[in-house]
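Residue-level listing of the chains:
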Amino acid sequence: MNKLDELSKEISYALRHAPWEYELEMDEKGWVPIEQLLGALHRAEKWNDIYESDLNKMIEKSEKKRYELKDGKIRAFYGHSITMKILKEEKMPPNILYHGTARRFIQSIMENNLLPQSRQYVHLSQDIETAKNVGRRHDDKPCILIIDAKRAWNEGIKFYIGNEKVWLADIVPSRYIKEMQ
Ligand code: HQG
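The structure displayed is predicted, hence computed values, not measured ones.

So, how was this worked out
Residues numbered from 1 in each chain as written. Predicted model: local features only at pLDDT ≥ 70, side-chain atom pairs only at ≥ 80, totals over all residues. Heavy atoms only, no water. Salt bridge = Lys/Arg side-chain N within 4 Å of Asp/Glu carboxyl O. Helix = DSSP H or I, 4+ residues; strand = E, 2+ residues; numbered from the N terminus. Expected span 1.5 Å × (residues − 1). Buried < 20%, exposed > 50% of the residue type's maximum accessible area, 1.4 Å probe, protein only. Contact = heavy atoms within 4.5 Å. Polar contact = N/O pair within 3.5 Å; in protein donor to acceptor, adjacent residues only side chain to side chain. Arc of directions from axis to C-beta. Near = heavy atom within 4 Å. Areas by Shrake-Rupley, 256 points an atom, 1.4 Å probe, with all protein chains shown as cover. Domains from an automatic or database assignment.

Chemist: How would you explain the pattern of salt bridges if you had to name every residue and give the values?
Modeler: Using the criterion set out here, one finds 9 salt bridges in the structure. One salt-bridge network, in which partners are shared between bridges, spans Arg103, Asp139 and Asp140.

This is how it looks when you write it as structure tokens:
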């Protein structure tokens, strides 16, 4: 793994899963002062030469849009597992969304709904290709679930913006889910 990918992993851990380990003060939307994050990283020898320009490079070089830098702060767009629920912006979803997952999870999803599991939100994909890539993290032949987001939204299910390709929901009841054949 190259150093920017490793940095991204470390920052993902800090911003999504364990901000307290880095003594970060995170606000309700997940923002952390960049100086604070850099200060925390600098305590490890491995990261003592990392500066804001490297964060910009990390974001630029990544295929996935995981982080946002703004007004001296940084946040992760999605993926959080911390107890304090990060507030996301509610938005009307596209008509259809997708969810890539493992074959072994399908039965449970259909019985118990699509649930956030260890994260704060269920993660949905804007397009099939993205869903396939998400699913491949769990299964070499992933299943793609088709979410009738329009009907779900009309019937009161809330959707939130992650980034342009990633949508979030608190739960997706299985009545809105079909397996792609
Ligand atoms: C499954 C990565 C059984 C769900 C990705 C998924 C994404 C159930 C797994 C982002 C279930 C959780 C999130 C149920 C859901 N029974 N299994 N009732 N409900 N599941 O990793 O969506 O690279 O927490 O289908 O690209 O795979 O980190 O979620 O398979 O955008 O930036 O439980 O993380 O982005 O797995 O991935 P995950 P996810 P990064």
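Now that the structure has been shown, we can carry on.
Chemist: Any details on helix H1 (residues 3–17)? Residues and values, ideally.
Modeler: Spanning 15 residues, H1 covers 20 Å between terminal C-alpha atoms, matching the ideal 21 Å at 1.5 Å per step. Of the residues making up H1, those classed as buried are Leu7, Ser8, Ile11, Ser12, Ala14, Leu15 and Arg16. As for H1, its buried residues are in contact with strand S1 (32–33), helix H2 (34–42), helix H3 (52–61), strand S2 (67–70) and strand S3 (73–76). At the N-terminal boundary of H1, the capping side chain belongs to Asn2, with an oxygen 3.0 Å from the backbone nitrogen of Leu4.

Chemist: Tell me about H3, and please be specific about residues and values.
Modeler: Looking only at H3, the buried set comprises Asp54, Leu55 and Met58. Down the axis of H3, the smallest arc covering the buried residues is 105 degrees, so these residues share one side. Those residues of H3 that are buried lie in contact with H1, H2, S2 and S3.

Chemist: Account for the site of the ligand, naming residues and giving values.
Modeler: Residues in contact with the ligand amount to 19 residues; listed here are only the nearest, Lys64, His99, Thr101, Ser108 and His138. Tyr78 places a polar side-chain atom, nitrogen or oxygen, 2.8 Å from an oxygen atom of the ligand. Side-chain polar atom of Gln117 to a nitrogen atom of the ligand: 3.3 Å apart, as the coordinates give it. Here the ligand loses 89% of its free accessible area of 790 Å² to cover by the protein chains. Breaking the shell around the ligand down by element, the ones donating at least two residues are strand S4 (96–101) and helix H4 (106–112). For the shell around the ligand, the element with the highest residue contribution is H4, accounting for 3 residues. When residues of the shell around the ligand are assigned to domains, at least three fall in each of domain 1 (3–76) and domain 2 (96–179).

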